[in-house]
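Take a look at the letters that make up each chain.
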Number of protein chains: 2
Amino acid sequence: MRKGPVIAIHNRVVCLASRPSGRLVPDHFAIVDAEVPPLAPGEVLIRNTWLSIDPSIRLRLSAATPSGYLPPLTPGDPLVGLALGTVVESQSPGFAAGELVSHMFGYRDYAVVADGGETLGGAGSLTKIDPGEFAPQWYLGPLGSAGLTAYVGLFEILELKPNDVLWVSAAAGAVGSIAVQLAILRGNTVVASAGSPEKVDYLRNVLGVSHAIDYRAGDLKTQLAEAVPNGIDAYFDNVGGDHLGAALDHLRPGGRVAMCGAVSTYDTDSPEPGPPNLFQITAKYLQLRGFRAGSYDHLYADMRSEVGTHLADGAMTYEESIYSGLEQAPSALVGMLNGRNTGKTLCRLD
Amino acid sequence: MRKGPVIAIHNRVVCLASRPSGRLVPDHFAIVDAEVPPLAPGEVLIRNTWLSIDPSIRLRLSAATPSGYLPPLTPGDPLVGLALGTVVESQSPGFAAGELVSHMFGYRDYAVVADGGETLGGAGSLTKIDPGEFAPQWYLGPLGSAGLTAYVGLFEILELKPNDVLWVSAAAGAVGSIAVQLAILRGNTVVASAGSPEKVDYLRNVLGVSHAIDYRAGDLKTQLAEAVPNGIDAYFDNVGGDHLGAALDHLRPGGRVAMCGAVSTYDTDSPEPGPPNLFQITAKYLQLRGFRAGSYDHLYADMRSEVGTHLADGAMTYEESIYSGLEQAPSALVGMLNGRNTGKTLCRLD
């Protein structure tokens, strides 16, 4: 029971209004008024403050999702996504009003979340955050899911070795920009690709990448071959499609691919065919491994130690594209899927 | 120098006559008369007796091969392929007349081969064979490259575990039929697919497969789901294309794919696009590994011990589709690529 006067909390939730056919636009969403129900035992009421905009939610807006993936949303359903917020009221002994927490019920002003209840992988469970010296929203970015994804992809999946030549695609994005910097700081040669001159400038002059490619400025395979004529050993794939095809052609024998995401394939209802050169996997005995960071929560401490040190001493930088207000969340998602944003896309909710 | 009277050896070689555009037919080849040059030091003259017909040679008949693969042949070039033969004359201290050897210069009656010279992976180097109790041509099949490929794919690449549900495609073929039997003998549940009712009958009634699928008899994904409704853990891919796509849909989370070959994609000059569901690799954190048995010569002894024991005690069987005479080699290759042969395709040359 809430203490003090009974206050009606006005809540708003971003819902799927209609299923996109083809590319997503903000009109596929509606901001819907909602009630905040009384808390059941074990539940916590949270005022969301930061919403993480992640491309993979697009998959759940189509009528069918890949088998083994989360089920599709139905028009009328609220969206879900990683968020930070402040506990307003708690019926859980583990959480107290005023505490900063992360959870999966973003895309709304207020969320009622069960402690240890419905989760979406470890990162999605209700978790207390102590931001320490860092901006709190970095726990949705370089010190959160994006940081863990970059860290796991490089060191667990690719098992990056000191002399590996690494290619990172969508390198100006939330995950890519961390992966690029971590690999450079470990001494690797890094090729980084993105989709605009501004992003390439960011890769070169802010992240310090020696080989930066604008994949829209010319043939990707040709640009790769010019950047690193002797091939690559490892590819951190955030894009899929023709990027994966270019990697298969340009990987050296024994090369590895970390398949983190395939943003080029999300914003459609009719999946594109894969690249025609999959036989390269056999011919060059390549290894492709898909992964989701949610299975690697035990590495949060290691990741935060390495990334946190670099962020604190200025060796690593992190850019954010911030939208303001829940009503901007649909535009934030569409903007990110269209490649308009650099760094982590966030929506500020407080 | 040859001892005894100088005899002119009439030799014939299968050469590429013209590059196929689309599907291969026997007329793309010519049987060409050739001379046998005098032996240089270190060389051995071999009368070939058995030729292994392997699908991957088709890749080298197109104008371009996958990067990292062997280069294309040019019209006029002799074909190459694994063969068995008897040493006729030797200028090498390691080989004597009358010995049985394997080497890469098949597709001809006589071959001049350097000891430790030009090879095509370890399996292609000039190697003495002691057939012991087994038919000599089995050293091109279950006790040779095909056996090693099956063994490596199952135990090194897929790391097959006791309770894994395994799918093997092209299961009535040279490699597939060994893989299927090895896995059954280790106690695994095996789904096996092939492309005709006769092959399915062979899988069921000769190899003892409990779940056999004719992929031409209906939708492959539907048949897989009916055979093993709870999914598969491991897929031994000899086919590529839609078979790989079906596997990606039907693999359980964490599943593995050994990419041994992609025979469905070889017999064309315009490679087909890959399956549209590669995102499954990320969604279900799958692992795909290409391999070539040539990198695993150190496992020949282990493989021959396991496969040889099973063949000797009758627990394992092996079928051969044998063509007679060098002039039949083109038809043998075309027949195999068109899925007409069961078991190992061989051409008998003596």
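Only a predicted model underlies this, so the values are computations on that prediction, with no experimental measurement involved.

Rules behind the numbers
Residues numbered from 1 in each chain as written. Chains lettered and ligands numbered in written order. Predicted model: local features only at pLDDT ≥ 70, side-chain atom pairs only at ≥ 80, totals over all residues. Helix = DSSP H or I, 4+ residues; strand = E, 2+ residues; numbered from the N terminus. Rg over C-alpha atoms; globule rule 2.2 N^0.38 Å. Buried ≥ 20, exposed ≤ 12 C-beta atoms within 10 Å, placed from the backbone. Contact = placed C-beta atoms within 7 Å. Pairing = 2+ DSSP bridges. Domains from an automatic or database assignment. Nonpolar A, V, L, I, M, F, W, Y, C, P; charged D, E, K, R; others polar. Least-squares fit on C-alpha atoms with pLDDT ≥ 70 in both. Axes fitted to C-alpha atoms, helices over the stretch in contact; angles between N-to-C directions. Right-handed = clockwise from strand over helix to strand, strands pointing away. pLDDT = per-residue confidence, 0-100. Parallel < 35°, antiparallel > 145°, perpendicular 65-115°, else oblique. Left-handed = near helix turned anticlockwise from the far one by under 90°.

Engineer: Looking at this structure, how should I read the overall build of chain A?
Structural biologist: The helix and strand tally for chain A stands at eight helices and 15 strands. A compact globule built from 350 residues should have a C-alpha radius of gyration of about 20 Å, and chain A, at 21 Å, falls within 12% of that. Across its three principal axes, chain A shows a C-alpha extent of roughly 70 × 45 × 35 Å. Looking at chain A as a whole, 50% of its 350 residues are labelled buried.

Engineer: For this particular structure, what's the right way to read the interface of chain A and chain B?
Structural biologist: Quoted interface sizes are often the accessible area lost when the parts come together. Opposite the 35 residues of chain A that make contact, chain B presents 35 residues. Every element with two or more residues in the side of chain A that touches chain B is listed here: strand 12 (251-259), helix 6 (279-283) and strand 13 (287-290) of chain A. Per-element tally for the side of chain A that touches chain B: the top contributor is helix 6 of chain A, with five residues. Across three bridges, the pairing between strand 13 of chain A and strand 13 (residues 287-290) of chain B is antiparallel. Paired with Leu 288 of chain A across the strands is Leu 288 of chain B, a residue of strand 13 of chain B.

Engineer: For this particular structure, what's the right way to read the domain arrangement of chain A?
Structural biologist: Residues and elements named next belong to chain A. Examined at the domain level, chain A breaks down into domain 1 (11-141 + 319-348) and domain 2 (145-294). Between domain 1 and domain 2, the C-alpha centre-to-centre distance is 27 Å. The partner domain 2 presents 18 residues to the 24 residues of domain 1 that form the contact. Tallied by class, residues from the side of domain 1 that touches domain 2 come to eight nonpolar, 12 polar and four charged.

Engineer: Sorry if this is basic, but what is going on with the relation of the copies chain A and chain B here?
Structural biologist: Put simply, the second copy of the chain is the first one after a rotation about an axis and a shift along it. By a simple turn and slide, chain A fits onto chain B: the slide is 0.0 Å along the axis, the RMSD is 0.0 Å, and the turn is 180°. Between the two chains, the operation in question is that of a two-fold axis. Closest to the rotation axis within chain A is the C-alpha of Gly 274 of chain A, separated from it by 2.0 Å. A share of 100% of the interface residues of chain A reappears at the interface of chain B, consistent with the copies meeting face to face through the same patch.

Engineer: When you look at the sheet that holds strand 8 (residues 165-168) of chain A in this model, what are you seeing that I'm missing?
Structural biologist: In sheet architecture, strand pairing relies on hydrogen bonds along the backbone and comes in two forms, parallel and antiparallel. Ordered by their spatial adjacency, 12 strands build an open sheet running 10(A)-9(A)-8(A)-11(A)-12(A)-13(A)-13(B)-12(B)-11(B)-8(B)-9(B)-10(B), and the pairing between neighbours is mixed. Of all the strands in the sheet, the pair left with one neighbour each is strand 10 (211-214) of chain A together with strand 10 (211-214) of chain B. Direction aside, the axes of adjacent strands within the sheet are offset by 15° on average. Judged from the four bridges that link them, strand 12 (residues 251-259) of chain B and strand 13 of chain B form a sheet pairing that is parallel. Within strand 13 of chain B, the position partnered with Ala 258 of chain B by the bridge is Arg 289 of chain B.

Engineer: What am I meant to see in the pairing of strand 11 (residues 232-237) of chain B here?
Structural biologist: Within a regular strand, side chains alternate between the sheet's two faces. Residues and elements named next belong to chain B. A large share of strand 11 lies buried, amounting to six of its six residues. Bridge count between strand 11 and strand 12: five bridges; the pairing is parallel. The partner of Phe 236 across the bridge, within strand 12, is Ala 258. For the segment spanning strand 11, helix 5 (residues 241-250) and strand 12, crossover handedness is right-handed.

Engineer: Please explain the environment of Ala 174 of chain A as it appears in this structure.
Structural biologist: Residues and elements named next belong to chain A. Mapped onto the elements, Ala 174 comes out in the loop between strand 8 and helix 2 (176-185). Sequence separation between Ala 174 and Pro 38 is 136 residues, and the spatial gap between their C-alpha atoms is 36 Å. Among all residues touching Ala 174, those that are not within four sequence positions of it are Gly 141, Ala 146, Gly 343, Lys 344 and Thr 345.

Engineer: Which parts of the structure should I look at to understand the confidence of the model for chain A?
Structural biologist: Detailed reading of predicted coordinates is not advised where the pLDDT is low. Across chain A, pLDDT averages 93, with 96% of residues at or above 70. Interface confidence for the predicted complex, given as ipTM, is 0.92, next to a pTM of 0.93.

Engineer: What is the right way to look at unusual backbone geometry in this model?
Structural biologist: Phi angles above zero are rare outside glycine, and Glu 159 of chain A is one such case at about 45°. Note on placement: Glu 159 of chain A falls in the loop between helix 1 (145-157) and strand 8. The partly exposed category is assigned to Glu 159 of chain A, around which 13 C-beta atoms lie within 10 Å. Even without being glycine, Tyr 285 of chain B reaches a positive phi, approximately 40°. Taking the C-beta count within 10 Å as the criterion, Tyr 285 of chain B has 19 such neighbours and is therefore assigned partly exposed.

Engineer: Honestly, the packing of helix 1 of chain A against helix 7 (residues 300-312) of chain A in this entry has me stumped. Any pointers?
Structural biologist: Axis angle and axis distance: for two packed helices, these are the angle between their axes and the distance between the axes, and together they describe the pair. Residue and element names in this part refer to chain A. Taken N-terminus to C-terminus, the directions of helix 1 and helix 7 make an angle of 95°; their axes are 10 Å apart at the nearest point. Comparing the axis directions of helix 1 and helix 7 gives the class roughly perpendicular. Within the contact between the two elements, helix 1 uses Gly 147, Leu 148 and Tyr 151 and helix 7 uses Tyr 300, Met 303 and Val 307.

Engineer: How do you make sense of the pairing of strand 8 of chain A when you look at a structure like this?
Structural biologist: All names here are of chain A. What you see with strand 8 is no split at all: Val 165 and Trp 167 on one side and Leu 166 and Val 168 on the other are buried throughout. Relative to strand 9 (residues 189-194), strand 8 runs parallel, the two being bridged by four bridges. For Val 165, the partnering residue across the bridge sits in strand 9 and is Thr 189. Traced from strand 8 through helix 2 to strand 9, the parallel crossover comes out right-handed. Here three bridges tie strand 8 to strand 11 (residues 232-237), and the two strands are oriented parallel to one another. Note that in strand 11 the partner of Trp 167 across the bridge is Tyr 235.

Engineer: For this particular structure, what's the right way to read helix 1 of chain A?
Structural biologist: Along an α-helix, residues three or four apart share an orientation, since each turn contains 3.6 residues. All names here are of chain A. Taking burial as the measure, the 13 residues of helix 1 include 11 buried ones, the bulk of the element. When helix 1 is considered as a whole, its buried residues turn out to be Ser 145, Ala 146, Gly 147, Leu 148, Thr 149, Ala 150, Tyr 151, Val 152, Gly 153, Leu 154 and Ile 157. Following helix 1 by one or two positions, Glu 159 has its phi on the positive side, about 45°.

Engineer: Whenever I open this one, the packing of helix 1 (residues 145-157) of chain B against helix 2 (residues 174-185) of chain B confuses me. Can you help?
Structural biologist: Residue and element names in this part refer to chain B. The contact between helix 1 and helix 2 brings their axes to 8 Å, and the two run at 50°. With respect to each other, helix 1 and helix 2 are oriented oblique. As for how helix 1 packs across helix 2, the hand of that crossing is right-handed. Together, Ala 146, Gly 147, Thr 149, Ala 150, Tyr 151, Gly 153 and Leu 154 of helix 1 and Ala 174, Val 175, Ile 178, Ala 179, Leu 182 and Ala 183 of helix 2 make up the contact between the two elements. A class-by-class count of the residues in the contact of helix 1 with helix 2 yields 10 nonpolar, three polar and no charged.

Engineer: So what exactly am I meant to see when it comes to the environment of Thr 342 of chain B here?
Structural biologist: Its place among the elements puts Thr 342 of chain B in the loop between helix 8 (329-337) and strand 15 (344-348). Between the C-alpha atoms of Thr 342 of chain B and Ala 194 of chain B, which are 148 residues apart in sequence, the distance is 9.6 Å.

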